[in-house]
Amino acid sequence: MRNGSLLTIQDLQTHFFTGEGVVRAVDGVTLSVRPGETLGLVGESGCGKTVTALSILRLIPNPPGRIVGGTICFEGRDLLRLPEEEMRSIRGCAISMIFQEPMTSLNPVFTVGEQVAEGIRHHQKVSRREAWDRAVEVLRRVKIPDPARRAYEYPHQLSGGLRQRVMIAMALALGPRLLIADEPTTALDVTIQAQIVDLLMGLQEEMQMAVILITHDLGVIAETADRVVVMYAGRVVEEASAEQLFETPLHPYTQGLLESLPKLETGKRHRRLTAIPGLIPNLLDLPTGCKFAPRCPKVIGDCWPTEPELREIRPGHWARCILA
Amino acid sequence: MEPLLVVKDLKKYFPVKKGLWFGERADVRAVDGVSFAIGRGETLGLVGESGCGKSTTARLVLRLLEPTAGEVHFGKTPVFKANRKEMHQLRRKMQIVFQDPYSSLDPRMSVKEIVGEGLVIHRLARGKEKTDRVAELLEMVGLGREHMGRYPHEFSGGQRQRIGIARALAVGPELLIADEPVSALDVSIQAQVINLFEDLQRQLGLTYLFIAHDLRVVKHISDRVAVMYLGQIVELAESDELYRNPLHPYTQALLSAIPVTDPKTKRQRIILEGDPPSPIQVPAGCRFHPRCPKRFDPCDTEAPVLREVSPGHWVSCHLY
């Protein structure tokens, strides 16, 4: 276990038992988050980043899903062994989460003020009045204009950007030590995206909380994360500081992701994009060795028989590749 | 360059009921005076945020919607004046690829039926000839003959988008409108599909109207780029020029909002206040003025017009 961390996940295994077989959505994930830092969790659809996040909060729908192995230590306690009641007092309080789609995550029949206040009243013994006042205060903190009036509005009366701000307000109302943000800007327009990223980073500094930022957008990661974990097919394939990762990516998958992004620098336009060949892997039918081998441009014979370990190649820079 | 498509002062207002009981009428000005031309073999990128009217523009060009005002010329044919028979021929020449590869393919049709449907409707091929042509199209988009008997649910998002492209190409179009064709795809798959679009353009001499909100993608694929805001084009220029020298404050903000993949460069970011206003209550004067960091005297009363401020670089802003 790494010292001084707020959250340590060891060898987490979250599987889904479906009619077609066992989907090993998360299969041996180890990572840690230090107090106050931003950890970027990157990967494409189905790589297990959201399942990892939901496992931390024990929100995996069961059936079909189940956490079958590993430990998740938060402030010295293994979350996977806590009784459900204690877990409930952690959720939304010490650890909270914001989701991708603000429209479906808010309740359409309550005002946003009520929804923020509900969370406060659930965790703390305060009067209705006091909870409401605090809700308005939090809405002000996430820079919702005219919060005292907006608190009386329903989600459908707000724009996508404002809804995401309400989601953030709900998550931050009780001053969590860890915030998990799952694709918080993906559903938003570019200019609104910039507002939300800016807001999140400002609040993080103000409140000294740690953030796990889950996204497929490498640009957002580069601008916000201190450290980055890259996932592929339910595993961590690379972990490094943001500078290391973007300067010298070691895993061919990370390299491929970075190269497949169109570049903005002006110049000749018909420079072909370097795409990663093949398809997003099917978790029901993974190769025995390196899971990226079928798509890897650098694949060699040794990649196929056994899966490489996640090794520390340079101080603080880990990669799961025999060539690194 | 001889233009293949000319769009002149195109407008589309959708009537909506305002208020609950009194039946007060209002218009959503989805597209409000859009003009542009696309040369043969060129790619024009259309960018803007949700609700700016880019998809409505695409549907008007294809005449899937009737306009409130304005004209579209395809080659020499005025699209909105075409009769049934002329329209049938036009549809062969203009095709579209949609954003969502999950909802734009009929789940009950096999790939062969999906891709071959256009061939049957336009009486281009049947029987063995049709089968061969479908196989050829599938190979062209990176799939194969063996996929013909399968159904959409058996394919991944990227593969479905390839099927959508094959379907569009089946009838031999000259203009391909791509409406957010890669935004639903994962990064690694996005690059594959963008490369495919470029390869096909080179092979077949296609003309593209490429709609997207991702400025990286648009920059990469387009010769020229038009930026839309609230139903109007606010800036239009060669792709490199637009990214090197954006003039409209909205374009500047859009470009500065793209995150850069280098943790060491901290970019000066222009963060716009507020949200785009509703197209029902369009602000007076310049539509962007309530959010514009550079607004000055005439902006809230006088609407600027799109002017050519340097060769090929058009902008609609009082600053220039």
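For the structure itself, consult the block above.
What counts and what doesn't
Residues numbered from 1 in each chain as written. Chains lettered and ligands numbered in written order. Predicted model: local features only at pLDDT ≥ 70, side-chain atom pairs only at ≥ 80, totals over all residues. Heavy atoms only, no water. Helix = DSSP H or I, 4+ residues; strand = E, 2+ residues; numbered from the N terminus. Rg over C-alpha atoms; globule rule 2.2 N^0.38 Å. Buried < 20%, exposed > 50% of the residue type's maximum accessible area, 1.4 Å probe, protein only. Areas by Shrake-Rupley, 256 points an atom, 1.4 Å probe, with all protein chains shown as cover. Lys, Arg positive; Asp, Glu negative; His and termini not counted. Charge placed at Lys NZ, Arg CZ, Asp CG, Glu CD. Core = buried A, V, L, I, M, F, W, Y, C linked by side-chain atoms within 4.5 Å. Contact = heavy atoms within 4.5 Å. Pairing = 2+ DSSP bridges. Axes fitted to C-alpha atoms, helices over the stretch in contact; angles between N-to-C directions. Buried area = accessible area lost by both parts, 1.4 Å probe. Salt bridge = Lys/Arg side-chain N within 4 Å of Asp/Glu carboxyl O. Polar contact = N/O pair within 3.5 Å; in protein donor to acceptor, adjacent residues only side chain to side chain. Nonpolar A, V, L, I, M, F, W, Y, C, P; charged D, E, K, R; others polar. Phe/Tyr/Trp six-rings, centres within 6.5 Å; stacked < 30°, edge-to-face > 60°. Patch = residues over 30% accessible without salt bridge, like charges linked within 9 Å, V, L, I, M, F, W, Y side chains within 5 Å.

*Asks:* A description of the overall build of chain A should follow, citing residues and the corresponding values.
*Replies:* Within chain A, the regular secondary structure consists of eleven helices and twelve strands. A globule of 324 residues ought to have a C-alpha radius of gyration of about 20 Å, and chain A, at 21 Å, matches this closely. Overall, the C-alpha framework of chain A stretches about 70 × 55 × 40 Å when taken along its three principal axes. Taken across its 324 residues, chain A has 56% of its residues classed as buried. Put simply, chain A shows about 14000 Å² of open surface, and 51% of that area lies on carbon and sulfur atoms. The averaged location of the 38 negative side-chain charges in chain A is 2 Å from the averaged location of its 36 positive side-chain charges.

*Asks:* Which residues make up the nonpolar core, and what values go with them?
*Replies:* Core analysis: the largest hydrophobic core is formed by 64 residues, its most contacted members being Leu7, Ile56, Leu79, Ile95, Leu178, Ile180 and Ile212 of chain A. When residues in this core are grouped by element, the largest group, six residues, is from strand S2 (residues 21–33) of chain A. In this view, isoleucine 212 of chain A contacts Leu7, Val33, Leu39, Leu41, Ile56, Leu178, Leu179, Ile180 and Ala181 of chain A; residues no more than four positions away in its chain are not counted. Counting residues in hydrophobic clusters, the runner-up holds 63 residues, among them Val190 of chain A together with Ile163, Tyr229 and Leu230 of chain B.

*Asks:* Mind laying out the sheet that holds strand S7 (residues 175–179) of chain B, listing which residues take part and the relevant values?
*Replies:* Residues and elements named next belong to chain B. Reading across the sheet, the eight strands line up as S6-S7-S8-S3-S9-S10-S12-S11 and stay open at both edges, with mixed pairing between neighbours. The open sheet is flanked by strand S6 (94–97) and strand S11 (307–310), the only strands paired with a single partner. For this sheet the average axis-to-axis angle between neighbouring strands, irrespective of direction, equals 20°. Across four bridges, S6 lies against S7 in parallel orientation. Directly across from valine 97, in S7, lies its bridge partner alanine 178. Across the sheet, helix H6 (residues 187–204) lies against strand S3 (43–47), S7 and strand S8 (207–212), angled at about 160° from S8, the strand it touches most. The strands touched by helix H9 (residues 249–256) are strand S9 (224–229) and strand S10 (232–238); relative to S9, the strand with the most contacts, the crossing angle is about 105°.

*Asks:* Just give me the short version of unusual backbone geometry, but keep the residues and values in it.
*Replies:* Residues and elements named next belong to chain A. A cis geometry characterises the amide bond from asparagine 62 onward to proline 63, with omega recorded as -10°. Tracing the chain through its elements places proline 63 in the loop between helix H1 (49–56) and strand S4 (65–74). Of the consecutive residues proline 63 and proline 64, the connecting peptide bond is found in the cis state with omega at 10°. Positive phi, close to 55°, is recorded for glutamine 208, a residue that is not glycine. Its location among the elements puts glutamine 208 in the loop between helix H8 (190–207) and strand S8 (210–215). For glutamine 208, a relative accessible area of 59% puts it in the exposed group.

*Asks:* Would you mind going over the interface of chain A and chain B in detail, with residue names and values included?
*Replies:* The partner chain B presents 46 residues to the 44 residues of chain A that form the contact. Both faces combined, the contact of chain A with chain B buries some 4000 Å², and carbon together with sulfur accounts for 55% of it. Counting across the interface, chain A meets chain B through two salt bridges. Where glutamate 223 of chain A meets arginine 269 of chain B, a salt bridge forms, and the shortest distance between an N and an O atom there is 2.5 Å. In this structure, the connection of chain A to chain B is made through 15 residue pairs in polar contact (both at pLDDT 80 or more). Broken down by secondary-structure element, the contributors of at least two residues to the side of chain A that touches chain B are helix H7 (160–172), H8, helix H9 (218–224), helix H10 (242–247) and helix H11 (252–260) of chain A. When residues in the side of chain A that touches chain B are grouped by element, the largest group, six residues, is from H8 of chain A. In terms of residue class, the side of chain A that touches chain B is made up of 19 nonpolar, twelve polar and 13 charged.

*Asks:* Any details on the packing of aromatic side chains? Residues and values, ideally.
*Replies:* Residues and elements named next belong to chain A. The tally for this structure, following the rule as stated, stands at nine aromatic pairs over all chains. Taken together, a centroid distance of 4.5 Å and an interplanar angle of 55° make the contact between tyrosine 232 and tyrosine 253 tilted. Taken together, the positions of tyrosine 232 in strand S9 (residues 227–232) and tyrosine 253 in helix H11 put the pair 21 residues apart, joining distant regions of the chain. Classification of tyrosine 232 by relative accessible area gives buried; the value is 4%. Looking at tyrosine 253, the relative accessible area reads 0%, which means it is buried.

*Asks:* Residues and numbers for the sheet that holds strand S7 (residues 178–182) of chain A, please.
*Replies:* All names here are of chain A. Across the sheet, which stays open at both edges, the eight strands sit in the order S6-S7-S8-S3-S9-S10-S12-S11 with mixed pairing between neighbours. A single partner strand is all that each edge strand has here, and the edge strands are strand S6 (95–98) and strand S11 (311–314). Taken pair by pair, the neighbouring strands of this sheet meet at an average axis angle of 20°, ignoring direction. Where S11 lies against strand S12 (residues 317–319), three bridges are found, and the strand directions are antiparallel. Among the inter-strand pairings, glutamate 312 is bridged to a residue of S12, identified as tryptophan 318. Here H1 sits on the sheet and contacts strand S3 (38–42), S6, S7, S8 and S9; the angle it forms with S8, its principal contact strand, is near 145°.

*Asks:* Residue-level account of a nonpolar patch on the surface, with values.
*Replies:* Where nonpolar side chains cluster on the molecular surface, the patch consists of Phe296, Val309, Leu319 and Tyr320 of chain B and spans about 310 Å² of accessible area. With respect to the element layout, tyrosine 320 of chain B can be found in the segment after strand S12 (313–315).

*Asks:* Explain H9 of chain B to me, and be specific about the residues and the numbers.
*Replies:* Judged by how many residues are buried, H9 of chain B sits mostly within the fold: eight of eight residues are covered. Along H9 of chain B, the residues classified as buried are Pro249, Tyr250, Thr251, Gln252, Ala253, Leu254, Leu255 and Ser256 of chain B.

*Asks:* An account of the pattern of salt bridges is requested, with residue identities and associated values reported.
*Replies:* Under the defined criterion, the tally for this structure stands at 34 salt bridges over all chains. A salt bridge links arginine 141 of chain A to glutamate 206 of chain A, with the shortest nitrogen-to-oxygen separation between them at 3.1 Å. Here arginine 141 of chain A is found in helix H5 (residues 128–141), whereas its partner glutamate 206 of chain A is found in helix H8, with 65 residues between them in sequence. Here glutamate 42 of chain B ties to arginine 224 of chain B by a salt bridge, and the two come within 2.6 Å at their closest N and O atoms. Linking glutamate 42 of chain B in the loop between strand S2 (24–39) and S3 with arginine 224 of chain B in strand S9, this pair joins segments that are 182 residues apart in sequence. Where salt bridges share partners, they join Asp27, Arg235, Lys291 and Glu307 of chain A into one cluster.

*Asks:* So what's going on with the pairing of S2 of chain A? Residues and values would help.
*Replies:* One ladder, built from nine bridges, connects strand S1 (residues 7–18) of chain A with S2 of chain A; its direction is antiparallel. In the sheet register, threonine 18 of chain A faces S2 of chain A, and the bridge partner there is glycine 21 of chain A.

*Asks:* If you had to explain the pairing of S6 of chain A to someone new, which residues and values would you point to?
*Replies:* All names here are of chain A. Alternating positions in S6 separate into two faces, Ile95 and Met97 on one and Ser96 and Ile98 on the other, with burial throughout. In terms of strand pairing, S6 meets S7 through four bridges, oriented parallel. Bridged to isoleucine 95 within S7 is leucine 178.

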